[in-house]
Amino acid sequence: MSNLNELYQQVILDHNKNPRHFHKIDSCNHEIDARNPLCGDQFKIYLQIQDGLIKNVGFEGSGCAISKASASLMCSSVLDKTVDYAKDLFEKMHLIFTGKTHSINEEELGSLFALSGVAEFPSRVKCASLSWHALNGALKNSNELISTE
Amino acid sequence: MHQVLNKNISPLKNFDIKKIREDFPILSRMVNGKPLVYLDNAATSQKPQVVIDVLQNYYQNENSNVHRGVHFLSDRATNLYEEAREKIQKFLNAKSTKEIIYVRGTTEGINLVANSFVKPRLNEGDNIIVSLMEHHANVVPWQLVCDEKKAKIKIIPINKKGELLVDSLHGLIDEKTKFISVVHISNSLGTINPINEAIEIAHKNNIPILIDGAQSVCHGSVDVQKLDCDFFVFSGHKICGPTGIGALYGKEKWLEEMPPYQGGGDMILQVTFEKTIYNDLPYKFEAGTPNISGAIGLGTALDYVQSIGYENLHTQENLLLKYATEKLSKIDKVQIIGTADNKASIVSFVMADIHAHDVGTILDQEGVAVRAGHHCTQPVMDYFGVPGTARASFSFYNTLEEVDILEDAVKKGIKIFLG
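For every chain, the first residue of its written sequence is number 1, and the numbers climb from 1 along that sequence. A letter from A marks each chain and a number from 1 marks each ligand, given out in the order of writing. Reporting of local features is limited, given that this is a predicted model, to residues whose pLDDT is at least 70; pairs of side-chain atoms are given and counted only at 80 or more, and all residues count toward the totals for whole chains, interfaces and linings. The side-chain quantities take in all heavy atoms of the structure and omit both hydrogens and water.

1. Let's talk about the environment of B:Arg76
Residues and elements named next belong to chain B.
Step number 1: In this text, helices come from DSSP runs of H or I with a minimum length of four residues, and strands from runs of E with a minimum of two, each type numbered from the N-terminal end. Looking at the secondary structure, you find Arg76 in helix H3 (residues 72–92).
Step number 2: Any residue under 20% of the maximum accessible area for its type is buried, any over 50% is exposed, and the rest in between are partly exposed; the area is computed with a 1.4 Å probe on protein chains only. Here Arg76 falls in the partly exposed class, since its relative accessible area comes to 32%.
Step number 3: Along the backbone, Arg76 and Arg104 are 28 residues apart, and their C-alpha atoms lie at a distance of 22 Å.

2. Focus on the pairing of strand E2 (residues 41–50) of chain A
All names here are of chain A.
Step number 1: Among the 10 residues in E2, seven count as buried, and that is most of the element.
Step number 2: Two strands qualify as a pair provided DSSP detects at least 2 bridges between them. Where strand E1 (residues 30–36) lies against E2, seven bridges are found, and the strand directions are antiparallel. Following the sheet pairing, Asp33 is matched in E2 by Lys44.
Step number 3: Linking E1 back to E2 in an antiparallel pair, the connection comprises four residues, with Gly40 at a positive phi of about 95 degrees.
Step number 4: Bridge count between E2 and strand E3 (residues 53–62): nine bridges; the pairing is antiparallel. Its bridge partner lying in E3, Ile45 is registered against Phe59.
Step number 5: In this antiparallel pair of consecutive strands, E2 and E3, the connection spans two residues, and Asp51 shows a positive phi of 50 degrees.

3. Observations regarding the domain arrangement of chain B
Residue and element names in this part refer to chain B.
Step number 1: The source of the domain bounds is an automatic or database domain assignment. Each assigned domain of chain B is listed here: domain 1 (17–47 + 309–418) and domain 2 (52–306).
Step number 2: Tallying the contact residues gives 39 residues for domain 1 and 35 residues for domain 2.
Step number 3: Simply put, the buried area is the total loss of 1.4 Å probe accessible area from both parts when two parts are fitted together. With both sides pooled, the region where domain 1 packs onto domain 2 buries about 3,100 Å², and carbon together with sulfur makes up 54% of that total.
Step number 4: Of all residues in domain 1, the largest losses of buried area upon contact with domain 2 belong to Lys47, Tyr310 and Tyr383, amounting jointly to 22% of the total for that side.
Step number 5: Each salt bridge in this description consists of a side-chain nitrogen of Lys or Arg and a carboxyl oxygen of Asp or Glu lying within 4 Å of one another. Where domain 1 meets domain 2, there are one salt bridge.
Step number 6: Residue Lys161 is joined to Asp341 by a salt bridge in which the shortest nitrogen-to-oxygen separation is 2.9 Å. Whether two residues are in contact is decided by their heavy atoms: any pair within 4.5 Å suffices.

4. A word on the nonpolar core
Step number 1: The term nonpolar core refers to a set of buried residues drawn from Ala, Val, Leu, Ile, Met, Phe, Trp, Tyr and Cys, joined through side-chain atoms within 4.5 Å. Core analysis: the biggest nonpolar cluster contains 76 residues, and A:Tyr8, A:Trp132, B:Phe349, B:Leu406 and B:Val410 have the highest contact counts within it.
Step number 2: Element by element, the count of residues in this core is highest for helix H6 (residues 125–139) of chain A, at nine residues.
Step number 3: Those residues within four positions of A:Trp132 in sequence are excluded, and the remaining contacts are A:Ser70, A:Met74, A:Ser77, A:Leu89, A:Phe90, A:Met93, A:Phe97, A:Leu112 and A:Leu115.
Step number 4: With 75 residues, the next largest nonpolar core counts B:Ile173, B:Val182, B:Ala198 and B:Leu302 among its residues.

Next comes the structure, spelled out in structure tokens:
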């Protein structure tokens, strides 16, 4: 498979076209702006966290296919999971995006594995990691604007 | 374009595109396993061997500081540095080298004028006029001085083709208008603006005007005396020169009355702790050790571009513009943003709802370098209701064959995204 096909896998194209959890969460207790001013990617991530559990998650905004699909996949994978799980997942994904891990467990990652092609495209790492940084900020209980620039 | 049989050969006489491409070593390199197709010339142009050589030779054989030493090398460096200024003066047809100030580039030139010329003249409630198609370098410096002085910015609108509605200047100008600053050629739309009219209207109302030539000097000759603009600024790196060097032209009468922009060595005649007497023009605006090699490199770059001849350059670039416009507009799902009647060789486009950065990545995999994004012109993107565009900007060294490669890459992108 060429690098390009690895980057734009069907999973990514699908999540870009039909993003999951692509809506506001009215009952959220975390709302984070994620922006990449140089690209113009702009998202809002909503989280409802209760008793250490991510009860509800959603996002809105616009950006490239990679940033949108990544946000969509992220929301799908942290819903109904514990805050600790999500924090671990952030660390894991961060290493994958930046190409710092050699032991990617495809089975364990599930559909998130589709994002691993990003590591071959240094200029797109920040697209993929934008929403994840926002998530991590929220988990650390910060409602500040998250920017990858 | 049926008359063009070999796409690597320009129909122009005395214009051997193959030979010209050989002047630019980078054009023969590979990118992602494909030959580089460099279509990001509006961001920065590539450098011919003569410019690379002159930079190396300067550091290897002539390096010294200017305007200081009494030794051989310092004299030599000073001469080369000042010869380059003369080249810029002739290139812009300024009256004298006193009117040519070395700056880092367009951005610094505009900041210099904003701070030294406009700010002292600006009072609360005054206004400065710019156009909607300015890049951020011709917006933010004015915002900074306006914020400080409680003045405001007025905007010359554009139409859906991306053309400046220059006549609206009549309505925008009032007794509180202190300055006008307009881009010559839009970097995101390619529009060539009717700056003659803008300058005429400004001067009828006794308002000084700056023309931002960042995108224009590489596409055609500029005569600042004929234009009669008060200030003109450009960056060297967009016209085959090194980065970090450019020039500000200003009418001598204005430069004389302006206070220095920065303080330091070289811009003074005499310094005591009680009082400093500033140096004469142009040195008053050139504090500290300047970008000597950059200036010399820029002089060489201007020689090089002029040796190609603006007529040749124009014909080749127009050919590329026509061909690329024709090819891209034929592709279903592609929409060209910026369709002014009078355009430079810049083609901005969007592909269905595929984000510009995805387009950029796909083209990059084919070796095609384009700019993707808002091009530092967010107000323009907002006006057209797009987050960004992909922009192919052509130089005289590009070929029609490269346009074909762009076309194929665009089609490939559409296939990936839309099946």
